[in-house]
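Analysis of the macromolecular model
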Amino acid sequence: MAAIEKRSREDWQELDKDHHLHPFTDHKDLHKKRSRIITRAEGVYIYDADGNKILDGMSGLWCVNAGYGRQELVDAAAEQMQELPYYNNFFQCAHPPSIELAAMLKDLTQPQFNRVFFTGSGSESNDTIVRMVRTYWDLMGQPERHTIISRKNAYHGSTVAAASLGGMKSMHKQSGLPIPGIVHVDQPYWYGSDQSLSPEDFGIAAAQTIEAKIREVGADKVAAFIGEPIQGAGGVIVPPDTYWPEVQRICDEYGILLISDEVITGFGRLGEWFGADYYGTKPDFMPFAKGVTSGYLPLGGVFVSDRVADVLVDKAGEFAHGYTYSGHPASCAVAIANLKILQRENLVERIRDDIGPYLQKGWAELEDHPLVGNTRMVGLMGALELVKSKEPVERFDEKQGVGGIARDLFIENGVCLRASGDAIICAPPFTLSHSEADTIIEVTRKVLDQTLKVVNE
Ligand SMILES: *Cc1c(COP(=O)(O)O)cnc(C)c1O
């Protein structure tokens, strides 16, 4: 017997309204409109309870990188669940899926990464890092080095420590965050600046706000810097090329640990295996999640560099940290099968050499539309910004909710993209075909016209 009842859309919406609190949702608003019920998916398409077929231009939440309907991943989970559905990695135990995955991951990353700690999500990975970073400096005899520098508008997850690392004002406001010892500097968002500097100079200046913060806090008190190679949820903020080399220089100069949050950019989205590879940084930690299993099962983890792992192994004794589902066997089995798909189908190279450049070209051409102030896309991770006027840049009143208007029109037109303020975000599965890319561009143009009409009314 199937575990899930078959009901009408209306019945599901009613039950949902009465019993389900959703993540990142205004419930009053939701209860007026009712939720969209997604029932199945195949390839790059999701289907709702009314049978509408929608091109998923967001890969779920930046995670279904290998696309939907991969029987191999289903089989990997089922076989592992028959063999060993659960066992933990605590107390001197391990199981083949977690061991095999750890060894496989090491071969995909930079040489300083030989060890991985598993978690269940990106948020848990970042919580793990806060504890590891501080423990590392304690063990190094510098217990005053506890401050972590992050950036405004960053997204690092929703647990207390991860939301504190994040720089989302709306999140901080709702529960007295950030926790002590986490401070924030400016984001490298050239288009959002007054544009008085060239992008190159702006990138250097943005990185140097980190150096200024180090001086302000005291160089002997700063433990680490964390950043997403490209800020995702904050609106796909692509830094100028000068930014990350300068960040690396600063971290090296002050001996600060560098954390590259690869939860979105890890496993190929930028056309390199990791964002750190794309930007040429040498991080000490890389948290990951999302794309490691293409979202088929939850899994996260932290790559820990030898610099830190050697100290933890030698000096920490028992590192008193772990999750029941750290290295869940079924999740690890799915991750292995998923990474094999990425390798066998050359999906990362395909983003770099084929579908990436193809979609980027169409996306950049949208900049001629009167509503579009800026477009940007690296690999398959892009955004375009809706503005009231292009030169000088004038933005819409936030209350108008222009991004949200466009997002709803996208769904009506059969494409799912996401709005972050007035930025429209696009991050499709790696398997996107050329004709599916054409559909995204055509629908975007149509939606921009429709949005313009609504705005002018
Ligand atoms: C999604 C995300 C996270 C949080 O991951 P969860 O699995 O939702 O906890 C952390 N960092 C970045 C960059 C993300 O995009």
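Residues numbered from 1 in each chain as written. Predicted model: local features only at pLDDT ≥ 70, side-chain atom pairs only at ≥ 80, totals over all residues. Heavy atoms only, no water.

1. Side note on the sheet that holds strand β11 (residues 372–378)
- Taken in spatial order, the four strands make up an open sheet running β11-β12-β15-β14, and their pairing is antiparallel. Since the sheet does not close on itself, it has two edges, and those belong to β11 and β14 (418–420), each with one partner. Across the sheet, the mean angle from the axis of one strand to that of its neighbour is 20 degrees, orientation sign disregarded.
- Note that β11 and strand β12 (residues 381–386) share six bridges and pair antiparallel. Counterpart to T375 in the pairing with β12 is L384.
- Each of β11, β12 and β15 (423–426) is contacted by helix α15 (residues 355–365), which is oriented at about 170 degrees to β11, the strand it contacts most. (Pairing = 2+ DSSP bridges. Helix = DSSP H or I, 4+ residues; strand = E, 2+ residues; numbered from the N terminus. Axes fitted to C-alpha atoms, helices over the stretch in contact; angles between N-to-C directions. Contact = heavy atoms within 4.5 Å.)

2. Here we look at the side chain of T375
- Position of T375 relative to the elements: it lies in strand β11.
- On the basis of relative accessible area, T375 is assigned to the buried category, the value being 12%.
- Reaching out from T375, the side chain makes a polar contact with the side chain of E367 at a distance of 2.9 Å.
- Apart from residues no more than four positions distant in its own chain, T375 is found in contact with W363, A364, L366, E367, A383 and L384. (Buried < 20%, exposed > 50% of the residue type's maximum accessible area, 1.4 Å probe, protein only. Polar contact = N/O pair within 3.5 Å; in protein donor to acceptor, adjacent residues only side chain to side chain.)

3. With respect to the pairing of strand β3 (residues 53–56)
- Relative to β3, strand β2 (residues 45–48) is paired through three bridges, and the arrangement is antiparallel. Paired with I46 across the two strands is I54, which belongs to β3.
- In this antiparallel pair of consecutive strands, β2 and β3, the connection spans four residues, and G51 shows a positive phi of 85 degrees.

4. Regarding the domain arrangement of the protein chain
- Parsing the protein chain into structural domains produces domain 1 (36–69 + 354–456) and domain 2 (72–344).
- Using C-alpha coordinates to define each centre, domain 1 is positioned 27 Å away from domain 2.
- Facing 29 residues of domain 1, the contacting portion of domain 2 comprises 29 residues.
- Of the roughly 2,200 Å² buried where domain 1 meets domain 2, counting both sides, 61% is carbon and sulfur surface.
- Area buried by domain 1 at its contact with domain 2 is led by W62, V378 and M381, which between them contribute 30% of it.
- At the surface where domain 1 touches domain 2, the tally comes to zero salt bridges.
- Counting every contact that joins domain 1 to domain 2 gives 13 residue pairs in polar contact (both at pLDDT 80 or more).
- Those elements that place two or more of their residues in the side of domain 1 that touches domain 2 are α3 (59–62), β11, β12 and β14.
- A per-class count over the side of domain 1 that touches domain 2 returns 16 nonpolar, nine polar and four charged. (Domains from an automatic or database assignment. Buried area = accessible area lost by both parts, 1.4 Å probe. Salt bridge = Lys/Arg side-chain N within 4 Å of Asp/Glu carboxyl O. Nonpolar A, V, L, I, M, F, W, Y, C, P; charged D, E, K, R; others polar.)

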